[in-house]
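# Structure at a glance
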There are 2 protein chains.
Amino acid sequence: MAGDPPSRVTSLDVARRAGVSQSAVSRVFTPGASASKRTVEKVRKAAEELGYRPNVLARAMITGKSRIIGLVVAYLDNHFYPLAVERLSVELQRQGYHVLVFMASNTIGDVQSVMQEILDYQVDGIVLASVSMSSVLAGRCDDLGIPVVLFNRTQPDPRLASVVTDNHEGGRQIAHHLVAGGAARIGYIAGFEGASTQIEREAGFLEGLDEAGARLEFRGVGNFQHETARAAALEMFAGRDRPDAVFVCNDHMAFAVMDVLRAKLGLDVPGDVAVAGFDDVPIASWAAYDLTSFRQPLDAMVSRTVEVLMERIADDAVTPRRHTLQGELVRRSSTRPTEDRA
Amino acid sequence: MAGDPPSRVTSLDVARRAGVSQSAVSRVFTPGASASKRTVEKVRKAAEELGYRPNVLARAMITGKSRIIGLVVAYLDNHFYPLAVERLSVELQRQGYHVLVFMASNTIGDVQSVMQEILDYQVDGIVLASVSMSSVLAGRCDDLGIPVVLFNRTQPDPRLASVVTDNHEGGRQIAHHLVAGGAARIGYIAGFEGASTQIEREAGFLEGLDEAGARLEFRGVGNFQHETARAAALEMFAGRDRPDAVFVCNDHMAFAVMDVLRAKLGLDVPGDVAVAGFDDVPIASWAAYDLTSFRQPLDAMVSRTVEVLMERIADDAVTPRRHTLQGELVRRSSTRPTEDRA
DNA sequence: CTGAAAGCGCTTACAG
DNA sequence: CTGAAAGCGCTTACAG
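About the cut-offs
Residues numbered from 1 in each chain as written. Chains lettered and ligands numbered in written order. Predicted model: local features only at pLDDT ≥ 70, side-chain atom pairs only at ≥ 80, totals over all residues. Heavy atoms only, no water. Helix = DSSP H or I, 4+ residues; strand = E, 2+ residues; numbered from the N terminus. Rg over C-alpha atoms; globule rule 2.2 N^0.38 Å. Buried < 20%, exposed > 50% of the residue type's maximum accessible area, 1.4 Å probe, protein only. Contact = heavy atoms within 4.5 Å. Areas by Shrake-Rupley, 256 points an atom, 1.4 Å probe, with all protein chains shown as cover. Lys, Arg positive; Asp, Glu negative; His and termini not counted. Charge placed at Lys NZ, Arg CZ, Asp CG, Glu CD. Near = heavy atom within 4 Å. Polar contact = N/O pair within 3.5 Å; in protein donor to acceptor, adjacent residues only side chain to side chain. Nonpolar A, V, L, I, M, F, W, Y, C, P; charged D, E, K, R; others polar. Pairing = 2+ DSSP bridges. Axes fitted to C-alpha atoms, helices over the stretch in contact; angles between N-to-C directions. UniProt positions renumbered as here; feature names shortened; annotations may be inferred. pLDDT = per-residue confidence, 0-100. Least-squares fit on C-alpha atoms with pLDDT ≥ 70 in both. Domains from an automatic or database assignment. Buried area = accessible area lost by both parts, 1.4 Å probe. Salt bridge = Lys/Arg side-chain N within 4 Å of Asp/Glu carboxyl O. Patch = residues over 30% accessible without salt bridge, like charges linked within 9 Å, V, L, I, M, F, W, Y side chains within 5 Å. Right-handed = clockwise from strand over helix to strand, strands pointing away. 1 Å grid on protein atoms, 1.4 Å probe; cavity = no way out; pocket = protein on both sides within 12 Å on 5 of 7 lines; lining within 4 Å. Points joined across faces, edges and corners; volume = space filled by probe spheres on them.

In the annotation of an unreviewed UniProt entry, the entry for chain A reads Transcriptional regulator, LacI family, and the organism field reads Wenxinia marina DSM 24838.

Another aspect to go through is the overall build of chain A. For chain A, the helix and strand inventory stands at 12 helices and 12 strands. Whereas a compact globule of 342 residues would reach a radius of gyration of roughly 20 Å, chain A reaches 26 Å, over 25% beyond that. Across its three principal directions, the C-alpha atoms of chain A cover 85 × 40 × 40 Å. In chain A, which comprises 342 residues, the proportion classed as buried is 55%. For chain A, the proportion of contacts with a sequence separation of at least 24, taken over those separated by at least 6, is 72%. Carbon and sulfur atoms make up 49% of the accessible area of chain A, which totals about 14,100 Å². Looking at chain A, you have 37 positive and 43 negative side-chain charges, and the mean spots of the two groups are 8 Å apart.

Attention now goes to the protein's contact with DNA strand D. The environment of DNA strand D is made up of 26 residues, and the closest members are Ser11(A), Ser26(A), Ile62(A), Arg27(B) and Thr39(B). In the interface set of DNA strand D, defined as its atoms within 4 Å of the protein, sugar plus phosphate atoms amount to 57%. Here a phosphate oxygen of DNA strand D and a side-chain polar atom of Ser26(A) are 2.4 Å apart. At 2.7 Å from a phosphate oxygen of DNA strand D is found a side-chain nitrogen or oxygen belonging to Ser36(B). Tallying contributions element by element places helix H4 (residues 56-63) of chain A first for the surface near DNA strand D, with 5 residues. Per-class residue counts for the surface near DNA strand D are 10 nonpolar, 12 polar and 4 charged.

All right, on to the sheet that holds strand S8 (residues 245-248) of chain B then. Remark on secondary structure: sheet strands pair via backbone hydrogen bonds, oriented parallel or antiparallel. All names here are of chain B. The mixed open sheet is built from 6 strands, whose spatial order is S7-S6-S8-S9-S10-S12. Strand pairing shows two members of the sheet lacking a second neighbour, strand S7 (216-221) and strand S12 (328-330), which therefore form its edges. The sheet shows a mean angle of 20 degrees between the axes of neighbouring strands, taken without regard to direction. Pairing of strand S9 (residues 274-279) with strand S10 (residues 292-295), which is carried by 4 bridges, proceeds in the parallel orientation. Following the sheet pairing, Asp279 is matched in S10 by Arg295. Seen against the sheet, helix H8 (residues 167-180) touches strand S6 (186-190), S8, S9, S10 and S12 and runs at an angle of roughly 165 degrees to S9. Running over the sheet, helix H9 (residues 196-211) touches S6, S7, S8 and S9 and is turned about 170 degrees from S6.

Under the local residue numbering, the UniProt record ascribes the feature "domain: HTH lacI-type" (unreviewed entry) to residues 9-63 of chain A. From the first C-alpha to the last, residues 9-63 of chain A spans 21 Å; its make-up is 67% helix and 0% strand.

In this model, chain A carries an average pLDDT of 92, and 96% of its residues clear a pLDDT of 70 or more. Scored below 50 in pLDDT, residues 1-5 of chain A makes 4 contacts in the model with residues more than four places away or belonging to other chains.

Another aspect to go through is the relation of the copies chain A and chain B. When chain A is fitted to chain B, the residual RMSD is 0.0 Å, and the transformation amounts to a turn of 180 degrees plus an axial shift of 0.0 Å. The superposition operator between the copies reduces to a two-fold rotation axis. Closest approach to the rotation axis among the C-alpha atoms of chain A is made by Leu100(A), whose C-alpha sits 2.2 Å away. Interface overlap between copies: 100% of the residues of chain A at the interface are likewise at the interface in chain B, consistent with a symmetric, same-surface contact.

With that settled, consider the domain arrangement of chain A. As assigned here, chain A comprises domain 1 (11-54), domain 2 (67-165 + 298-325) and domain 3 (167-296 + 329-341). Once you take the C-alpha centre of each, domain 1 of chain A and domain 2 of chain A turn out to be 36 Å apart.

This part is about the side chain of Asp157(B). Mapped onto the fold, Asp157(B) is located in the loop between strand S4 (148-151) and strand S5 (161-165). Residues in contact with Asp157(B), not counting those within four places in the same chain, are Ser135(B) and Ala138(B).

Taken together, the contact pairs 58 residues of chain A with 59 residues of chain B. Across the chain A to chain B interface the summed buried area is about 5,000 Å²; carbon plus sulfur atoms make up 62%. Contact with chain B buries surface across chain A, with Leu57(A), Tyr121(A) and Trp286(A) losing the most and accounting together for 15% of the total. Between Arg53(B) and Asp120(A) there is a salt bridge, with the nearest N and O atoms lying 2.6 Å from each other.

The next subject is a nonpolar patch on the surface. Residues Met61(A), Ile62(A), Met61(B) and Ile62(B) make up a contiguous nonpolar surface patch of about 450 Å² in total accessible area. Mapping Ile62(A) onto the fold places it in helix H4. Residue Ile62(A) is classed as exposed on the basis of its relative accessible area, which comes to 74%.

With that settled, consider the protein's contact with DNA strand C. Looking at DNA strand C, there are 26 residues lining it, with Arg27(A), Thr39(A), Ser11(B), Ser26(B) and Ile62(B) nearest. Taking all atoms of DNA strand C within 4 Å of the protein, the share assigned to sugar and phosphate is 57%. Separating a phosphate oxygen of DNA strand C from a side-chain N or O atom of Ser21(A) is a distance of 3.0 Å. In the environment of DNA strand C, a base nitrogen lies 2.6 Å from a nitrogen or oxygen atom belonging to the side chain of Ser23(A). Where the surface near DNA strand C is concerned, the elements lending two or more residues are helix H2 (22-28) and H4 of chain A together with helix H2 (22-28) and helix H4 (56-63) of chain B.

Once that is clear, we can look at the pairing of S8(B). Note on strand geometry: in a regular strand, side chains alternate between the two faces of the sheet. Residue and element names in this part refer to chain B. Every second residue of S8 is oriented toward a common face, with Ala245 and Phe247 on one face and Val246 and Val248 on the other, all of them buried. Note: S6 against S8, 4 bridges, orientation parallel. Bridged to Tyr188 within S8 is Phe247. Between the parallel pair S8 and S9, the chain is carried across by helix H11 (residues 251-264), and the sense of this crossover is right-handed.

Let's shift gears to the layout of surface pockets. In this structure, the largest pocket encloses a volume near 1,100 Å³. Surrounding the largest pocket, 44 residues form its lining, Arg8(A), Val9(A), Pro54(A), Asn55(A) and Gln122(B) being those nearest its centre. With 6 residues, the top contributor of residues to the lining of the largest pocket is H4(A). Of the residues in the lining of the largest pocket, the class split is 20 nonpolar, 15 polar and 9 charged.

Structure below.
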């Protein structure tokens, strides 16, 4: 009784029952293929009765198309990524693809081995969310004709397509907003130093401050992590000599910073300190935080990612490039109101 | 130039270069198989030089084991699920499996069609997180010998294994805790009425109230959704006749309720109203909420889920059952302290 | 439109 | 330990 290999229904079974050839069955289940109305009927009937469904794996082996997209993601505790994963899955499902998920910590070695595993599954494309990747590996994917898209991260390698928000511009607008709100002593809490998002947001912020005649006086590193951001905030704000405005490189860390400011240090936001974040994840709009943030256009990012993927799957020759989408400053009560808005 | 099908390296290529048979190559890449040291060396060398890796799909077709686990999940906005997905992926990767993600809204029809797609991929097992499933479909999976595990949900069908926290006991403890804290007028905000978690938590809560000599006076429905929970809270607390304690069926909704109470209605938590949630997601411990909650033992739930899956993959005859794990009440400042704790 | 045949890249009895 | 051969479940030229 135990361990009877439950024999799956194959196309040959259906063919026999329908009184046609295996080829005919295959054609009925292949969208573009030609089959007479009569054949289609017979086959559909037999398939229905037998509970037949084509084996995707077998099909994949022949066509070379698995209709699987590999998705590598590092940490799901920043709420931006679960949402991205959700939208991406839904969008890809709609197109007849499915997502094979791989968790990777952000160390290159780990990403590398995970990528190898992905390739073993003959995926049709790869999306790297929140992780970087070595150029060597990128080249290997390229040789194999497998498109790779970096999501919310960029890299100099031109063979890598990427989809990002204009992080530089976001940082710039935050700077102007803070200064316009009367910020005089300004701080910045950085994300992981190696990340392009971190680098570009900070560069934009500094440029914005410069344009506004202000400058950065405090800097801490939160590494994109809740706990580390807490510690960074504690250090930056503990003394008497502290910022009256701080830009935190993403919302996830900004929540930690606000908690420290209010609950731990008894400071008022934005009375004592204005706080701005980046991403505009849903929590940012929750009353407990009501955080001013630069919104990443998540839906547009996801759509573009899927477009890029589909385009390159259809045509190897498409040249990968960086896709920069526009974000939007969302002003909320964690920063002081500015004149141009009054 | 464009569209050269990039020919992948096959086991035959490696065999030729190593001067051995295809079988030999296969054996070298099959963990248990026997091969002489010399063969192993030659093959590994040739494989390395050619950049060969076995095609998982081809292997899957023969062995009948895809090493893919299908994961169906509904909404990723409740932070409990992203974490579950993350842990599950990591744990499964460790065991040499990978997760194919399918998003499904909670309508049965949708789950059904998604399940069909999953089966097309010849998955070795299925985890349903936060969604239910028809018995018919469950039977179909069973016939195919594909184990299904419900995660954080149960159903009467005995062919379905499930892993849950003791939701009834959780509700019970919350009731005792609220009453011990002096609650006199008690409210409950329900999740989706069809969900086993909702049903069991509420039943436990009612039983606990009864034991403590109290009773439920207010009831709203939040459907496990942020917005709906807001509305329910607004309705429940708007009048003068309102609860002084409320149990919200999960943390995700409890945050919405707290926001409404404090920001919208100007009430103090727990001064005017004590609030308790369920799950103990990370945000619950953030200072802005500091929410009393019944903790689900996420790691244990994930480990158990993987165990159950592996057990049944190894042996079809294992009888599916319900696995109920113990949770733990985490008391925080959103509820009033109780004597037994002073 | 349709079927017989070959083949996708691998594994697995079967002999040796 | 090793190789030749068959076969997993499908698709796709190739004839008809």
